[in-house]
Amino acid sequence: MRGLARIEQDVLGWVDIELDECGPYDAICKPLAMAPCTSDVHIVWGHAYMSDAPNRVVGHEATAEVVKVGDKVKDFKPGDRVIVPAITPDWLTVPAEQGFSQHCYGMGTGMSFVTFKHGVFAEQFHVNQADANLAHLPEHVSLEQAVMISDMMTTGFYAAELADIQPGDTVACFGIGPVGLMALAGAQVKGASHLIAVGSRPAAIKVAKEYGAHDIVDYHNGNTVDQIMDLTDGKGVDKVVIGGGGKDTLSEALSVLKVGGIIGNVLHYDGIETIPIDGLSWGQGLADKTIRGGVCPGGRARMEKLANLIEYGRFDSSKLITHKFNKFDDIEEAMILMRDKPRDLIKPAVILDD
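Summary of the structure given here.

Overview of the state of the cysteines
Move 1: For the structure shown, the criterion picks out zero disulfides.
Move 2: In this structure C37 is not part of a disulfide, and its nearest cysteine sulfur, from C296, lies 9.2 Å away.
Move 3: Between C104, a cysteine without a disulfide, and C296, which holds the nearest cysteine sulfur, the sulfur-to-sulfur distance is 13 Å.
Move 4: With a relative accessible area of 5%, C104 lands in the buried category.

Dropping the structure here:
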């Protein structure tokens, strides 16, 4: 089986692999759509902890066709078109029982693709516990929309959930890359009123406005904190979602957050060993400001609910895709694009069958 892999640190290339055995509860799938993620970039060229295994196929965002299922699989059969979540946990674990399936074997280990086995950028790939980790692709949800559900939408919406956004809240969204845009959209879906987006790329700003942003804060135009405080008449915001940024983003978020507010963080601070927190912004630890960060949930039920938002016209995730390819081998070019991030890029995707 051919796949695009992290050969070693800083080296991306094609390899031939053998798939894991299709166990009685598992499935083998072939991709219909694939999209590279910043996490894939971090795995190959950065400092991501998920895997340093040599020749490990990367990728965790896909929609697919089922090729084979184990004899205990009840709800899927060969030929079914499915959404494959980035997070495919082992649901038979204590953390899963406690509501943290994304950490089933320890921190972040629900992402079995790349972490424990080959990812989805292969001619075929393995999915554990298919009945719990695959979702049927609804008829009226396109491949472009569905492949954005698998990670971008579930991750970004999770930031809004972590922040516990309530109807009428004023919300600042730090970062308007693909995850940040989904965090912004999640905040709107949950009822935020005044949405402030922090970012500078014209393509992303356009989509941010389509997803509900009322104001755009560009650090090129002055201090980010000062701009947000001016926009809120010095009051700050009720909630913050962080989907992008750098080592100082958390302190900036605390600086604009009202007392009693909550930060929902889904940004992976790649290569940063210590994340600084401005003491005064946090009231030297006594400001009653909450910081919550987490890995998005995965699994079937989550995918089905997010797909419902698209199927019934509440939301369109395909606006993230700015660069579209149509051949399997194009996933390598898409990965390079995701690494280099030209200013007109939000998200590349390879759509093999539509």
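Some points on the sheet that holds strand β9 (residues 171-174)
Two orientations exist for strands paired in a sheet by backbone hydrogen bonds: parallel and antiparallel.
Move 1: Taken together, the six strands give an open sheet; going across it, the order is β11-β10-β9-β12-β13-β14, and neighbouring strands pair in parallel fashion. Two strands close off the open sheet at either side, each with one partner strand: β11 (215-217) and β14 (290-293). Across the sheet, the axes of successive neighbouring strands diverge by a mean angle of 20 degrees, strand direction being ignored.
Move 2: Sheet topology note: the β9/strand β10 (residues 195-198) ladder contains four bridges and is parallel. Along β10, the bridge assignment pairs C173 with A197.

A look at the environment of V179
Move 1: Among the secondary structure elements, V179 is positioned in helix α6 (residues 178-189).
Move 2: For V179, a relative accessible area of 14% translates into the label buried.
Move 3: Each C-alpha atom of the pair V179 and K72 lies 35 Å from the other, and the pair is 107 residues apart in sequence.
Move 4: In this structure V179 touches M152, T155, G156, G243 and V266, once residues within four positions along its chain are discounted.

Details of the sheet that holds strand β1 (residues 2-8)
Move 1: Spatial strand order, β2-β1-β4: three strands in an open sheet with antiparallel pairing. Every other strand in the sheet has two partners, leaving β2 (11-16) and β4 (56-57) as the edge strands with one partner each.
Move 2: Where β1 lies against β4, two bridges are found, and the strand directions are antiparallel. Its bridge partner lying in β4, R6 is registered against R56.
Move 3: Contacts between helix α11 (residues 330-340) and the sheet are confined to β1 and β2, with β2 contributing the most and set at about 160 degrees to the helix.

Here is what the cut-offs are and how they apply
- Residues numbered from 1 in each chain as written.
- Predicted model: local features only at pLDDT ≥ 70, side-chain atom pairs only at ≥ 80, totals over all residues.
- Heavy atoms only, no water.
- Disulfide = S-S within 2.5 Å.
- Buried < 20%, exposed > 50% of the residue type's maximum accessible area, 1.4 Å probe, protein only.
- Pairing = 2+ DSSP bridges.
- Helix = DSSP H or I, 4+ residues; strand = E, 2+ residues; numbered from the N terminus.
- Axes fitted to C-alpha atoms, helices over the stretch in contact; angles between N-to-C directions.
- Contact = heavy atoms within 4.5 Å.

Geometric values such as these leave the question of function open.
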